[in-house]
Amino acid sequence: MDTTRTEIASLGEFGLIEHLTKNNETRNAGTLLSVGDDAAVIDQFGRQSVISTDLLLEGIHFDLMYTPLKHLGYKAVAVNLSDIYAMMATPTHITLSLGISNKFSVEALDEFYEGVYAACEEFDVDLIGGDTTSSKIGFVISVTAVGEVAPDKYVTRSGAKVNDLICVSGDLGAAYLGLQLLEREKKIFLENPGIQPDLENQKYAVGRMLKPAPRADIKEWLEKAGITPTSMIDVSDGLSSELLHICTASDTGCILYEEKIPIHDDARKLAMEFQVGAVACALSGGEDYELLFTIKQEDYEKTARNNDISIIGYITEKTEGTNLLTKGGNKHKLTAQGWNAFHG
Ligand code: ADP
Ligand code: MG
């Protein structure tokens, strides 16, 4: 008998997915894109749909002590839509499945659904089904999102070419710092229940954590501007991890300029308070749900005009490696220290 036992932690999240799916066969001609991107793409008689799914577990992905249920409902939908936009597709439908612990009341679930419906309305998607069951391990949320895209217009992680420019929307690192803040306040509260946390001055970072906005606007702007990104991914695990996904899938290297990484002033202040590097939070924090993408050089001028998009580096040959160029002019190898549910 083979008694080999391999610890999951030795593979990591992405290694595990690769291990489990390396022998996965696709049998249908309509399966255009399978495991390995933000969403899968299937072709049904000439119409193409993108599909993505996410699982959120209480205690792993969210803490109900400081997560308002309405925000949680909104976020559960939002993070899935982010994966659809990251394909340059338009979300149209979601299903929502819940594992509900007996500590929940109907009123609590109503609140959760208020957030779900708010996201559906804002992003014009229909909730079309799901599943409901009881749970002994806390609140479990699974959302599947479906979207549509014009034939072969979807953008994968694998299309980046040498000399393409690396772009990212919005700013990075604030969500992670918002989480650190909420965790700190939780600890203080548990030690001194009389003290109410004062988060008034930290609305930005806390908002980024609790109510992330998927970048439908960026996807639409790119379309209107006539810019087709060569590759795209959403930033759920941190900039370095996502950029490495693009480079691995595209078989390229990259140069990322530290000084170009967009970081909000509030995030910088918070990083100082926590005595962590703001850049490190952007690289490894995660949950920003911004769009990271590459464009051809010829699209530089148009893109540079959008103040909500930063051009942060460029794609190189694979042999040049994946590099972060610091403000001081030093080159560091970019490593994936992305937030990982198996370590979290
Ligand atoms: P994202 O962060 O964009 O949601 P993930 O890192 O969760 O993407 O997943 C990467 C890829 O692996 C996706 O294509 C996803 O569908 C696939 N995947 C994740 N878990 C599994 C699994 N257990 N079995 C098959 N495919 C999976
Ligand atoms: Mg994604």
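Data block above holds the structure.
Residues numbered from 1 in each chain as written. Chains lettered and ligands numbered in written order. Predicted model: local features only at pLDDT ≥ 70, side-chain atom pairs only at ≥ 80, totals over all residues. Heavy atoms only, no water.

1. A closer look at the overall build of the protein
Working step 1: The helix and strand inventory of the protein stands at ten helices and 13 strands.
Working step 2: Each of the three principal axes of the protein carries a C-alpha extent, and together these read 55 × 55 × 55 Å.
Working step 3: Counting only residues that meet the buried cut, the protein has 49% of its 344 residues in that class.
Working step 4: Surface exposure of the protein reaches about 17600 Å², of which carbon and sulfur atoms provide 50%.
Working step 5: Here the protein contributes 30 positive and 51 negative side-chain charges, whose respective centroids are spaced 3 Å apart. (Helix = DSSP H or I, 4+ residues; strand = E, 2+ residues; numbered from the N terminus. Buried < 20%, exposed > 50% of the residue type's maximum accessible area, 1.4 Å probe, protein only. Areas by Shrake-Rupley, 256 points an atom, 1.4 Å probe, with all protein chains shown as cover. Lys, Arg positive; Asp, Glu negative; His and termini not counted. Charge placed at Lys NZ, Arg CZ, Asp CG, Glu CD.)

2. Some thoughts on the pattern of salt bridges
Working step 1: Counted by the stated rule, this structure contains 17 salt bridges.
Working step 2: Measuring nitrogen to oxygen at the nearest pair gives 3.1 Å for the salt bridge that ties Lys219 to Glu223. Placement of the pair is Lys219 and Glu223 together in helix α6 (residues 216-224), with a separation of four residues, close to one helical turn.
Working step 3: The class of Lys219 is buried, set by a relative accessible area of 4%.
Working step 4: With a relative accessible area of 42%, Glu223 lands in the partly exposed category.
Working step 5: A salt bridge links Lys318 to Asp251, with the nearest nitrogen and oxygen atoms 2.8 Å apart. Of this pair, Lys318 sits in the loop between β11 (309-316) and β12 (322-325) while Asp251 sits in the loop between α7 (239-250) and β9 (253-257), placing them 67 residues apart in sequence.
Working step 6: Given the relative accessible area of 48%, Asp251 is considered partly exposed.
Working step 7: Several salt bridges share partner residues, and in doing so they unite Arg208, Arg215, Asp217, Glu290 and Asp308 into one network. (Salt bridge = Lys/Arg side-chain N within 4 Å of Asp/Glu carboxyl O.)

3. Some thoughts on the coordination of the magnesium ion (ligand 2)
Six octahedral donors around a metal ideally make angles of 90 or 180 degrees; four tetrahedral donors ideally make 109.5 degrees.
Working step 1: The coordination sphere of the magnesium ion (ligand 2), as far as protein atoms go, consists of Asp38 (OD), Asp83 (OD) and Asp234 (OD), spread over 2.0 to 2.1 Å.
Working step 2: All donor residues of the magnesium ion (ligand 2) come from one chain, and their arrangement in sequence is D-x44-D-x150-D. Residue Asp38 is found in the loop between β1 (31-33) and β2 (40-44), and its partner Asp83 is found in helix α2 (residues 69-85); the two are separated by 45 residues along the sequence. (Donors = N, O, S within 2.8 Å, 3.2 Å for Na, K, Ca; no water.)

4. What to know about the environment of Glu58
Working step 1: Of note, Glu58 is situated in the loop between β3 (47-57) and α2.
Working step 2: On a C-alpha basis, the gap between Glu58 and Glu114 in space is 19 Å, while along the polypeptide they are 56 residues apart.
Working step 3: In this structure Glu58 touches Leu64, Lys103, Gly138 and Phe139, once residues within four positions along its chain are discounted.
Working step 4: Engagement of the side chain of Glu58 in a polar contact is seen with the side chain of Lys103, the distance being 2.9 Å. (Contact = heavy atoms within 4.5 Å. Polar contact = N/O pair within 3.5 Å; in protein donor to acceptor, adjacent residues only side chain to side chain.)

5. Here's the deal with the site of ligand 1
Working step 1: Inspection of the region around ligand 1 gives Phe14, Ile17, Thr21, Val35, Gly36, Asp37, Asp38, Asp54, Asp83, Arg157 and Ser236 as its neighbouring residues.
Working step 2: At a separation of 3.0 Å, an oxygen atom of ligand 1 approaches a polar backbone atom of Asp37.
Working step 3: Here Arg157 contributes a side-chain N or O atom positioned 3.2 Å from an oxygen atom of ligand 1.
Working step 4: In the complex, the protein chains occlude 63% of the 550 Å² of accessible area that ligand 1 would expose alone.
Working step 5: Element by element, the count of residues in the shell around ligand 1 is highest for helix α1 (residues 12-21), at three residues.
Working step 6: Of the residues assigned to the shell around ligand 1, the class counts are three nonpolar, three polar and five charged. (Near = heavy atom within 4 Å. Nonpolar A, V, L, I, M, F, W, Y, C, P; charged D, E, K, R; others polar.)

6. What about the sheet that holds β2?
Working step 1: Reading across from one edge, β1-β2-β3-β6-β4-β5 is the order of the six strands in this open sheet, with mixed pairing throughout. In this open sheet, the two edge strands, each paired with only one partner strand, are β1 and β5 (126-134). Pairwise comparison of adjacent strand axes, ignoring direction, gives a mean angle of 20° for this sheet.
Working step 2: Bridge count between β3 and strand β6 (residues 140-149): ten bridges; the pairing is antiparallel. (Pairing = 2+ DSSP bridges. Axes fitted to C-alpha atoms, helices over the stretch in contact; angles between N-to-C directions.)

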